[in-house]
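# Analysis of the macromolecular model
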Amino acid sequence: MTPVGDAVVVVDFGAQYSRLIARRVREAHVFSEIVPASVTAAELAERKPRGIILSGGPKSVYEGQALTLDPAVYELGIPILGICYGAQLIALQLDGTVAHTGKGEYGRTEMSIVGSSPMFADWPVETEVWMSHGDAITEPPPGFDVLAKSADSPVAAFGDPERRILGVQFHPEVVHTARGSEFIARFVHDVCGCPAGWTHVSIIEAGVDAVRAQVGSDRVLCALSGGVDSAVAAALVHKAVGDQLTCVFVDTGLMRSGEGEQVEETFRRQFRIDLIHVKAADRFFEALAGVLDPETKRKRIGELFIRIFEEVAVELGSGDAGPRFLVQGTLYPDVIESGTGHSASIKSHHNVGGLPDDLAFELVEPLRLLFKDEVRAVGEELGLPADIVWRHPFPGPGLAVRITGEVTRERVEIVRAADTIVIEEVRKAGLYRELWQSFAVLPATRTVGVMGDGRTYAYPIVIRAVTSDDAMTADWARLPYDLVERIASRIIGEVDGVNRVALDVTSKPPGTIEWE
């Protein structure tokens, strides 16, 4: 979606902030992509990035299993910025000194600028940064200047302007570092020479060109779910190929209340897009009968989705193969969480890991390199209504992953009704746009209760509400107590089969946002 030469590559050494580094680069209107630490100099040379950023990492550079960088990368002549572990790796590999001093630094730390560098131009001599390290760089590599220090980091920043290699012990990507975003922007613009060309308009233009190049004059199917990702993907592909696109909304019986009607209104009536509405709830409930394992749920739903699209394609082809391209709203976090390179696979995303091996379609994924906030901005630019663009994310497998244990019609109706109440009350409280997601979860257990002077044995509902920037990490939302009380009272009073309401106060990590 962008010329390779205008990219900055983030080499991931297992840091929780790698995705945040990539986002900060994009906020400077420069495309960024995350690659594993195993990337070779030859592979980087082939990509021709304008710059390389080495992320932090959880290990010590001295540990036996510590990740390292191909030493030949330093000879490519590409500007390099090392952050925390990345800075220590630069120091170690280029003959500086890294030591375990016994005095780590964690959290907000005062740092002093002691050297002259355009990277710190206009910075106050004393500035607050965010540190998180146990080891420290005690001597920079030969030819490098010490640019900053702190109480327990003799070399908090160092650089060689001739080689355009920099290292910083602090984390400029986090909001707790004063002027951190400015620091990253200076690196990508002034050191790497990247133009500020990664804009919402350029994303759309590049996406349109890529779709046209991929599909040519062929017909295309798009999987619509009612969520923002598939909606924006559909709008972008429609802009690229017009009437070649047919959207398919598969009503799985696992959707939110009013989902089908909203999809019909937006795409058939507003955008005049050819839309096929397949009502397949019976087939999905049959496929999920007796299934308890969450990964099995995802994979069965994903496979049945594809089989239905294959059937639609044959019908559109009047018995022949029909359209061979399938559009999906896969995002960058989906790809990362499904496992890439040396990254762990957290769960199979419906758009990535739940596809059958014998897929009969060639996938078109115009949003595959985007974070959610970029997708929303693109959706607004394409003219999608705010109710679609700013809708809370909804998983591809639908309410099935908000029900632990077996998925039945009865349990889906319970969680759908409870979910509707959660959203209604969050909207009334004016908090909908402040939250990343808010929804109801139905656990696979029953609890004893007392209602109307009688004993009950019914389900609990768990309220899940989180704040986040891109779903890679999330914090549980501190909902006002009166809001929680209203939600709980309504759910118990209005939803049959529920006698208890709980609030999930787990962040990500250690938990995921969705329960399954």
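Analysis parameters
Residues numbered from 1 in each chain as written. Predicted model: local features only at pLDDT ≥ 70, side-chain atom pairs only at ≥ 80, totals over all residues. Heavy atoms only, no water. Axes fitted to C-alpha atoms, helices over the stretch in contact; angles between N-to-C directions. Helix = DSSP H or I, 4+ residues; strand = E, 2+ residues; numbered from the N terminus. Parallel < 35°, antiparallel > 145°, perpendicular 65-115°, else oblique. Contact = heavy atoms within 4.5 Å. Nonpolar A, V, L, I, M, F, W, Y, C, P; charged D, E, K, R; others polar. Phe/Tyr/Trp six-rings, centres within 6.5 Å; stacked < 30°, edge-to-face > 60°. Buried < 20%, exposed > 50% of the residue type's maximum accessible area, 1.4 Å probe, protein only. Lys NZ or Arg CZ within 6 Å of the ring centre and 35° of its normal. Left-handed = near helix turned anticlockwise from the far one by under 90°. Disulfide = S-S within 2.5 Å. Pairing = 2+ DSSP bridges.

### Regarding the packing of helix H5 (residues 200–215) against helix H11 (residues 372–381)
Packing of H5 against H11 leaves a shortest axis separation of 9 Å and a crossing angle of 80°. Considering the angle they form, H5 stands roughly perpendicular to H11. Of the residues in H11, those touching H5 at His-200, Val-201, Ile-203 and Ile-204 are Ala-377, Val-378 and Glu-381. Split into classes, the residues belonging to the contact of H5 with H11 amount to five nonpolar, one polar and one charged.

### A few points about the packing of aromatic side chains
Inspection of every chain in the model, using the stated rule, returns 11 aromatic pairs. Centroid distance Phe-144 to Phe-158: 5.6 Å. Interplanar angle 65°. Geometry classified as edge-to-face. Of this pair, Phe-144 sits in the loop between strand E8 (136–139) and strand E9 (145–150) while Phe-158 sits in strand E10 (residues 153–160), placing them 14 residues apart in sequence. When the ring of Phe-305 is compared with that of Phe-309, the centres are 6.1 Å apart and the planes differ by 20°; the resulting orientation is stacked. Of this pair, Phe-305 and Phe-309 both sit in helix H9 (residues 294–316), four residues apart, roughly one helical turn. Judged on exposure class, the residue Phe-305 and its partner Phe-309 are both buried. Members of the aromatic cluster, connected to one another through ring pairs, are Phe-120, Trp-123, Phe-170 and Phe-183. One residue, Arg-433, lies across the ring of Trp-390, its end atom 3.9 Å from the ring centre. The ring of Trp-476 carries the charged tip of Arg-478 above its face, separated from the ring centre by 3.8 Å.

### Section: the packing of helix H8 (residues 281–288) against H9
Running from amino to carboxyl end, H8 crosses H9 at an angle of 145°, the nearest separation of the two axes being 10 Å. Read as a crossing pair, H8 and H9 show a hand that is right-handed. Mapping the contact onto sequence places Arg-283, Phe-284, Ala-287 and Leu-288 in H8 and Lys-297, Arg-300, Ile-301, Leu-304, Phe-305, Ile-308 and Glu-311 in H9. Its residues assigned to classes, the contact of H8 with H9 comprises seven nonpolar, no polar and four charged.

### Brief notes about the state of the cysteines
For the coordinates displayed, the defined rule picks out zero disulfides. Unpaired in terms of disulfides, Cys-84 finds its nearest cysteine sulfur in Cys-192, a separation of 20 Å. Classification of Cys-84 by relative accessible area gives buried; the value is 5%. Cysteine Cys-194 is unpaired, with the sulfur of Cys-192 as its nearest cysteine sulfur at 5.0 Å.

### Here's the deal with the sheet that holds strand E11 (residues 165–168)
Reading across from one edge, E2-E1-E3-E4-E11-E10-E9-E6-E7 is the order of the nine strands in this open sheet, with mixed pairing throughout. Of all strands in the sheet, those with a lone pairing partner are strand E2 (31–36) and strand E7 (126–133), marking the two edges. Taken pair by pair, the neighbouring strands of this sheet meet at an average axis angle of 25°, ignoring direction. Sheet analysis places strand E1 (residues 7–12) next to strand E3 (residues 51–54), joined by four bridges and oriented parallel.

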